[in-house]
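Geometric and topological summary
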Amino acid sequence: MIHRATPLLLLLALLLASPLFADATTKSTTPNEPQVQSSTNPAQGGSAMKSAIIGLLIAISVLSLTFIIERGLALRKNKVIPPDLSEAQRILQQTNDIDTLRTYCQHYPSPYANLLTCAIDHRHLPRQENADSLQTRARHEVSKLERGLVVLEIVTGIAPLLGLVGTIFGLITLFQSMGVPGADTSHFSEGISIALYATLLGLAVAIPSLTAWSFYTKRIETLAVEMETGCDEFLRSHYHRQD
């Protein structure tokens, strides 16, 4: 999914690099300007770029944190597979209990309840056809569980690259200051601070996003297996009694 973010990355790179091009154009068109004026440009450009990069990374971190919290709440086991519904399925295994089990599914809305309802609605079909329709529904439910994970995956790829852009620009600011005679030492520290802040913030955003993405992906796989097992038990129990 990360390759889908390539156009966005190119756009961000162009936007972030635009102050560089503007600064280079100014220097090329005004070669006779005093050295004192050009010596102030690196610090001013560096501060603007530092604010832009850090602002973008903070916005991305807020977005990532939002999806981490939202998916953490949505992927709780008792929200996906309610324990009371599982217990009701274990008890209500007779054919005349189907309507009661359907009532439980309506009372505990969840992905697992949707799968059981699908199996109940198609119980008049042969077992293989019911299993096929249940599998299609299961893919839909798993897709809803994975909602938002692609955002964490993209953030994991974008944040370090934004940090790298900040690092490169910080080095450019540093070397520009070194090339100016009599430059203030604060210009050197400005370039170094941009590089360090951008790198640190990029990694600080990417690492939690990657951790959450890996954890939630594994949790969805585990929940999908448990739901598949429960639905298979329902099918075996129901069609065994029909046979």
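Note that the coordinates shown come from a computational prediction; the quantities given were computed from them, not determined experimentally. (Residues numbered from 1 in each chain as written. Predicted model: local features only at pLDDT ≥ 70, side-chain atom pairs only at ≥ 80, totals over all residues. Heavy atoms only, no water.)

Re the overall build of the chain
Note the cut-off: Segments assigned H or I by DSSP are reported as helices when at least four residues long, segments assigned E as strands when at least two residues long, and all are numbered from the N terminus. Think of it in three bands: with a 1.4 Å probe and only protein chains considered, a residue is buried below 20% of the maximum accessible area for its type, exposed above 50%, and partly exposed in between. We call two residues in contact when some of their heavy atoms are within 4.5 Å.
Along the backbone of the chain there are nine helices and zero strands. Reading the secondary structure of the chain in the N-to-C direction produces α-α-α-α-α-α-α-α-α. Buried positions account for 36% of the 243 residues belonging to the chain. In the chain, of all internal contacts separated by at least 6 residues, the share reaching a separation of at least 24 is 80%.

Some thoughts on the nonpolar core
The test is simple: Buried residues of nine kinds, namely Ala, Val, Leu, Ile, Met, Phe, Trp, Tyr and Cys, make up a nonpolar core once their side-chain atoms join them within 4.5 Å.
Judged by nonpolar contacts, the single largest core of 30 residues is most densely connected at Leu85, Tyr112, Leu134, Tyr216, Met227 and Phe234. Elements that contribute at least two residues to this core include exactly α4 (83–91), α5 (98–107), α6 (111–121), α7 (127–145), α8 (149–178) and α9 (185–242). Broken down by element, this core gets its largest block of residues, nine residues, from α9. Apart from residues no more than four positions distant in its own chain, Leu85 is found in contact with Leu101, Tyr104, Cys105, Tyr108, Ser110, Tyr112, Ala113 and Leu116.

A short note on the pattern of salt bridges
Formally: Note on definitions: salt bridges are taken to be side-chain nitrogens of Lys or Arg within 4 Å of carboxyl oxygens of Asp or Glu.
Within the structure shown, the criterion is met by nine salt bridges. Close ionic contact of Arg127 with Asp232 constitutes a salt bridge, the shortest N to O distance being 4.0 Å. Of this pair, Arg127 sits in helix α7 while Asp232 sits in helix α9, placing them 105 residues apart in sequence. By relative accessible area, Arg127 is classed as partly exposed at 36%. When the shortest N-O distance is used, the salt bridge between Asp232 and Arg236 registers 3.0 Å. Placement of the pair is Asp232 and Arg236 together in helix α9, with a separation of four residues, close to one helical turn.

Remarks on the packing of aromatic side chains
Note the following rule: For Phe, Tyr and Trp, where Trp contributes only its six-membered ring, two rings pair if their centres lie within 6.5 Å, and the inter-plane angle classes them as stacked under 30 degrees, edge-to-face over 60, or tilted in between.
Applying the stated criterion to the full structure yields two aromatic pairs. On the basis of an interplanar angle of 15° and a centroid distance of 6.3 Å, the ring pair of Tyr104 and Tyr108 is categorised as stacked. Classification of Tyr108 as partly exposed rests on a relative accessible area of 22%. Measuring from centroid to centroid gives 5.7 Å for Phe215 and Tyr216, while their planes differ by 55°, and the two rings are tilted. Note on Phe215: relative accessible area 45%, which makes it partly exposed.

Here's the deal with α6
In terms of residue burial, α6 counts as a mostly covered element, since eight of its 11 residues are buried. Every buried residue of α6 is accounted for by Pro111, Tyr112, Ala113, Leu115, Leu116, Cys118, Ala119 and Ile120.

Some words on the side chain of Asn130
Within the secondary structure, Asn130 sits in helix α7. On the basis of relative accessibility, which here comes to 0%, the residue Asn130 falls in the buried class. Each residue touching Asn130, except ones within four places of it in the same chain, is listed here: Cys118, Ala119, His122, Arg123, Leu125, Leu235 and Tyr239.

Thoughts on the packing of α5 against α6
Filter applied, for reference: Angles run from 0 to 180 degrees between N-to-C directions of axes, and those axes are lines fitted to C-alpha atoms, restricted for helices to the stretch in contact. Note that the term roughly parallel is reserved for angles under 35 degrees, roughly antiparallel for angles over 145, roughly perpendicular for angles of 65 to 115, and oblique for everything else. Whether a crossing is left-handed or right-handed is set by the direction in which the near helix is turned from the far one by less than a right angle, anticlockwise for left-handed and clockwise for right-handed.
Two elements in contact, α5 and α6, have axes whose closest approach is 9 Å; the angle formed by their N-to-C orientations is 150°. Relative to α6, the element α5 is oriented roughly antiparallel. With respect to the hand of their crossing, α5 and α6 are arranged in left-handed fashion. Along its contact with α5, which presents Ile98, Leu101, Arg102 and Cys105, the element α6 presents Ala113, Leu116, Thr117, Ile120 and Asp121.

A closer look at the environment of Ser51
Position of Ser51 relative to the elements: it lies in helix α2 (residues 35–74). The class for Ser51 is exposed, based on a relative accessible area of 53%. Along the sequence, Ser51 and Ile194 sit 143 residues apart, while their C-alpha atoms lie 9.2 Å from each other.

Some words on the packing of α4 against α6
Put simply, the test is: Polarity classes work like this: nonpolar for Ala, Val, Leu, Ile, Met, Phe, Trp, Tyr, Cys and Pro, charged for Asp, Glu, Lys and Arg, and polar for all others, with Gly in that last group.
Interaxial distance between α4 and α6 falls to 10 Å at its minimum, and their mutual angle equals 30°. One finds that α4 runs roughly parallel with respect to α6. Helix-helix and strand crossings are classified by hand; for α4 and α6 the assignment is left-handed. Contacts from Leu85, Ser86 and Gln89 of α4 reach α6 at Tyr112, Ala113 and Leu116. Grouping the amino acids of the contact of α4 with α6 by side-chain chemistry returns four nonpolar, two polar and no charged.

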